[in-house]
Amino acid sequence: MKVYLVYGEEQFLLDEYIEGLKPADSESIEKYDVREMDMNEIIFNCSQGSLFSFGEKFIILNDVYFLGTEKAPEKATEALQDFLQSDAEMTVVLKCPFKLDKRKKVVKTLLKEATCFEGKPMYNTAGWINKRASSKGLNLTSDAVKKISGTYSNLYMIENELIKYKAYFGSSSVNAAALENIMAPTLETDIFKLIDSVVDRSYRAIEQLKDLTLNGNDEIKINLLISRQLRLIEQVLLGNKSIDVHSFVLSKAREQAEAYELSEVSRMQKEVTELDIAMKRGEVDKAIALETMILGWL
């Protein structure tokens, strides 16, 4: 049995790696969701012959959650270990889209004995964007790469954008200005703009907030992203030199931090936290409460 342990938080890299492992015979591929099915049932199904293929089985076990910090159902871990140590002629891929709990015995064993691939989060995607663009025959200037890298953090979204740009521009050289009107908006970049308006004490922030909610973004999620940006600003003001985020996100936080004292940001963060609790408890009208809070910052 060939066993692959594919883990990490960058979903695109995990899926791409698994895609490269798949056999040409798609009928030999079986997929199981470990969170949704009993492990013994999965193992029983894997051990049965296939009606559609006579080749070696290629098994993908999705979301093997108990290899992370979550606890496994009774005997599930033991059943998986016994299965992986069998001499069955098949390939088994354990897909774990999260950080592994390397304290667990089963994880230690897999890291030692399985073929492992880790999809690490990318905090600087510029090099990756350049490679993907080149592979598609897309000619991006350095400022275009910087703009894409600063706007999108999700590799799936970047990949889709690059495909779109190739269809739109062909082999022409593409700079940042050319991308301005065709880039898909993201909630994260809209939050940057909203915070910029708050920094400027501009009532444009209220219009931006209304646009966000009209586009179907939930107020709790908007509030969460505002909180995240305020925490970054707070870390900048505290002089933290090891903030592990994308360089563009950090540069925005440093720029926005220039307008505030630490005490003011701490007060705003406290308001955001209190609002989060109130919204989740259903104690306030989410739209009105979020707008009122932001008005108080202008």
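Our subject is the structure listed above.
Cut-offs used in this document
- Throughout this document, residue positions are counted from 1 along each chain, in the order its sequence is written.
- The predicted origin of the model limits local features to residues at a pLDDT of at least 70 and limits the giving and counting of side-chain atom pairs to 80 or more, whereas totals for whole chains, interfaces and linings rest on all residues.
- With hydrogens and water set aside, each side-chain value is computed from the structure's full complement of heavy atoms.
- Between the N-to-C directions of two axes lies an angle of 0 to 180 degrees, each axis being a line fitted to C-alpha atoms and, for a helix, fitted only over the stretch in contact.
- Secondary structure follows DSSP: runs of H or I at least 4 residues long count as helices, runs of E at least 2 residues long count as strands, and numbering of each begins at the N terminus.
- Small angles under 35 degrees read as roughly parallel and large ones over 145 as roughly antiparallel, with 65 to 115 read as roughly perpendicular and the rest as oblique.
- By definition, residues are in contact when any of their heavy atoms lie within 4.5 Å.
- Throughout this entry, Asp, Glu, Lys and Arg are counted as charged residues, while Ala, Val, Leu, Ile, Met, Phe, Trp, Tyr, Cys and Pro are counted as nonpolar. The remaining residues, Gly among them, count as polar.
- Whenever a carboxyl oxygen of Asp or Glu lies within 4 Å of a side-chain nitrogen of Lys or Arg, that contact is scored as a salt bridge.
- Buried, partly exposed and exposed residues are distinguished by accessible area as a fraction of the type maximum, computed with a 1.4 Å probe on protein chains only: under 20%, between the cut-offs, and over 50%, respectively.
- The directions considered for the arc run from the helix axis to the C-beta atoms.
- Stacked, tilted and edge-to-face are the three classes assigned to paired rings of Phe, Tyr and Trp, where Trp is represented by its six-membered ring and a pair needs centres within 6.5 Å; plane angles under 30 degrees give stacked, over 60 edge-to-face, the rest tilted.

## Concerning the packing of helix α1 (residues 11-21) against helix α7 (residues 155-169)
Stage number 1. At a minimum axis separation of 8 Å, α1 and α7 run at an interaxial angle of 70°. Put simply, α1 runs roughly perpendicular to α7. Along its contact with α1, which presents Gln-11, Phe-12, Leu-13 and Asp-15, the element α7 presents Leu-155, Tyr-156 and Glu-159.
Stage number 2. Of the residues belonging to the contact of α1 with α7, the class tally is 4 nonpolar, 1 polar and 2 charged.

## Quick word on the pattern of salt bridges
Pairing is possible between side chains that carry opposite charge, provided their charged atoms lie close to one another.
Stage number 1. By the definition in use, this model includes 19 salt bridges.
Stage number 2. As a salt-bridge pair, Arg-132 and Glu-16 come within 2.5 Å of each other at their nearest N and O atoms. Note that Arg-132 is positioned in helix α5 (residues 126-135) and Glu-16 in helix α1, a separation of 116 residues in sequence.
Stage number 3. When the shortest N-O distance is used, the salt bridge between Arg-204 and Asp-200 registers 3.7 Å.
Stage number 4. Its relative accessible area of 51% is what places Asp-200 among the exposed residues.
Stage number 5. Via salt bridges that share partners, Glu-16, Arg-132, Lys-136 and Glu-159 belong to a single interconnected network.

## What to know about α5
Stage number 1. Within α5, the full set of buried residues consists of Trp-128, Ile-129, Arg-132 and Ala-133. The buried residues of α5 occupy an angular sector of 130° when projected down its axis, which confines them to one face. Pointing more than 90 degrees away from the buried face of α5 are the exposed residues Lys-131, Ser-134 and Ser-135.
Stage number 2. Phi turns positive one or two residues past the end of α5, at Gly-137, with a value near 75°.

## Considerations on the packing of aromatic side chains
Stage number 1. For the structure shown, the criterion picks out 5 aromatic pairs.
Stage number 2. An angle of 90° between the planes, with centres 5.4 Å apart, marks the rings of Phe-12 and Trp-128 as edge-to-face. Within this pair, whereas Phe-12 is found in helix α1, its partner Trp-128 is found in helix α5, the two being separated by 116 residues in sequence. Of the two residues examined, Phe-12 and Trp-128, each falls in the buried class.
Stage number 3. For the pair Tyr-168 and Phe-169, a centre-to-centre distance of 4.8 Å together with 75° between the ring planes defines the contact as edge-to-face.
Stage number 4. By way of ring pairs, the aromatic residues Phe-12, Trp-128 and Tyr-156 are connected into one cluster.

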